[in-house]
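Notes for the structure review
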Amino acid sequence: MNQKPNRPVEKEYRSSQVYKTLTGTGIPAADKLAQGLGRAAAGLDAALNAAAPVVKSAAQGYQAGRNPNGTYRYPGPGQPGPQPQPGRRPQAPVPPTGGQTARPQQPVPPRRPTGVSPAPPPQMPPMKVEHMGSPAKYYITGVVALLYAMNAQMMEPQQWAGFAIVVILTFLLSGAMFRGKKRLVPVEQPKPQPKPEPKKEPEPKPEKKSATGNPEVDKIIDEGHEMIKKLRAANDAIPDEALSADIDRMERAAADIFNYIAQHPGKAPQIRKFMNYYLPTTLKLLNSYEQLSRQSVKGENITSTMFNIAGMMHTVADAFEKQLDSLFSDEAMDISADITVFETMLKQEGFVEESRTGK
């Protein structure tokens with residue numbers, strides 16, 4: 001007599017709420033979907049019943065190959081494994097040495113060298129559970145929608161509403177049945193951000209020395225530029241705005257003076273007093289003013305001295321500008337002479353009419 005087939009999946013499906021919901025709606029498409037899912041469950045039962053004998057045979061062979069001591073024998077191809085005797089523990093054969101039976105030696109575990117620590121076990125990366133949705137609900141919903149559209153009329157708004165309800169219910173029910181699966185995936189570790197490299201400050205360019213061809217003039221120009229730097233430093237240390245404006249005038253005039261001397265080395269003797277007295281005395285007075293301004297208590301002497309120095313610096317700035325102007329006296333005379341000669345030639349050629357006033 002044939003044994004009654006076992007159908008646990010089909011029984012579980014037909015007793016589920018999904019089957020009852022689909023068959024209870026009264027919609028032809030829902031009944032067809034319920035029938036199709038029932039066939040799928042029956043097919044799954046048939047596959048499980050067909051695989052059961054194979055699994056049972058493999059399990060029996062697995063138990064048959066197990067030794068009483070818990071080990072397993074693996075016979076070679078085409079050779080049966082050794083059958084252990086009941087009640088006795090199998091022993092490994094020991095080859096005889098010198099006509100005497102050698103005692104079986106127990107394997108000696110390898111000794112770890114002293115001073116060497118065992119390697120740490122590999123660390124597993126942190127994992128997280130990731131849910132993977134099943135695409136079955138999309139396929140089932142598509143099939144139901146296609147069958148509904150082929151068998152039902154959709155001419156009225158009510159019919160379209162019924163179609164939408166069927167599709168939505170099918171999608172929800174199939175999604176409840178096929179929930180997908182979960183898997184462990186490694187957690188992505190944040191990538192280490194590269195440390196910003198410190199910005200390298202540009203190295204100060206070496207100052208170009210003067211090269212007029214005259215060592216004495218080059219020395220005057222280089223010393224003059226150093227004094228201008230000291231003048232700028234004193235200007236930065238003095239907070240008085242009016243005095244700072246006068247010092248700015250001195251810096252510009254002094255820079256123009258030494259630039260002019262670099263282009264006209266022959267005029268260097270004209271700034272000897274400016275170089276040896278005006279500039280050093282000005283720096284001395286400004287340093288004194290800066291020291292007096294740092295005093296926390298300013299009496300009458302300190303206040304009057306600072307006032308006199310500040311008033312003197314306005315006169316010194318005028319003197320610097322006049323010193324620059326005096327360097328152009330020869331050029332001004334030469335230019336005036338050129339203008340006179342040029343004008344006379346133009347008059348002789350008749351290009352310029354002479355003034356008739358007084359004639």
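As a reminder, the structure under discussion sits directly above these lines.
In this text the structure is predicted, and so the values were computed from the model without any measurement.

**A few points about the pattern of salt bridges**
- A complete count under the given rule lists seven salt bridges for this structure.
- A salt bridge links aspartate 246 to arginine 249; its shortest N-O distance comes to 3.8 Å. Of the two residues, aspartate 246 and arginine 249 are both situated in helix H7 (residues 241–263); the distance of three residues between them amounts to about one turn of the helix. Per residue, the accessibility class of aspartate 246 equals that of arginine 249, and both read buried.
- Here glutamate 343 and lysine 347 are joined by a salt bridge, their closest N and O atoms 3.9 Å apart. In this pair, glutamate 343 and lysine 347 are both assigned in helix H10 (residues 329–348), four residues apart and thus about one turn of the helix distant.
- Exposure remark for glutamate 343: the relative accessible area of 38% places this residue in the partly exposed category.

**Focus: the packing of aromatic side chains**
- By the definition in use, this model includes six aromatic pairs.
- Each ring, one from phenylalanine 258 and one from phenylalanine 274, has its centre 6.2 Å from the other, and the planes form 50 degrees; the classification is tilted. Placement of phenylalanine 258 in helix H7 and of phenylalanine 274 in helix H8 (residues 272–293) is noted, with a sequence separation of 16 residues between them. As far as burial versus exposure is concerned, phenylalanine 258 and phenylalanine 274 are alike and both buried.
- Measuring from ring centre to ring centre gives 4.9 Å for phenylalanine 274 and phenylalanine 320, while their planes differ by 70 degrees; the resulting arrangement is edge-to-face.

Rules and cut-offs
Each chain carries its own residue numbering, running from 1 in the written order of its sequence. For a predicted model such as this one, the threshold for reporting local features is a pLDDT of at least 70, and the threshold for listing and counting side-chain atom pairs is 80 or more; totals across whole chains, interfaces and linings nevertheless cover every residue. Based on all heavy atoms of the structure, the side-chain values leave hydrogens and waters out of the count. Salt-bridge detection follows one rule: a side-chain nitrogen of Lys or Arg within 4 Å of a carboxyl oxygen of Asp or Glu. In this description a helix means any DSSP run of H or I spanning at least four residues, a strand means any run of E spanning at least two, and both kinds are numbered starting from the N terminus. For every residue, the accessible area obtained with a 1.4 Å probe (protein chains only) is divided by the maximum for its type, and the residue is called buried under 20%, exposed over 50%, and partly exposed between those limits. Pairs were defined over the aromatic rings of Phe, Tyr and Trp, the Trp ring being its six-membered one, requiring ring centres within 6.5 Å. Orientation was assigned from the angle between planes: stacked under 30 degrees, edge-to-face over 60, tilted for the rest.

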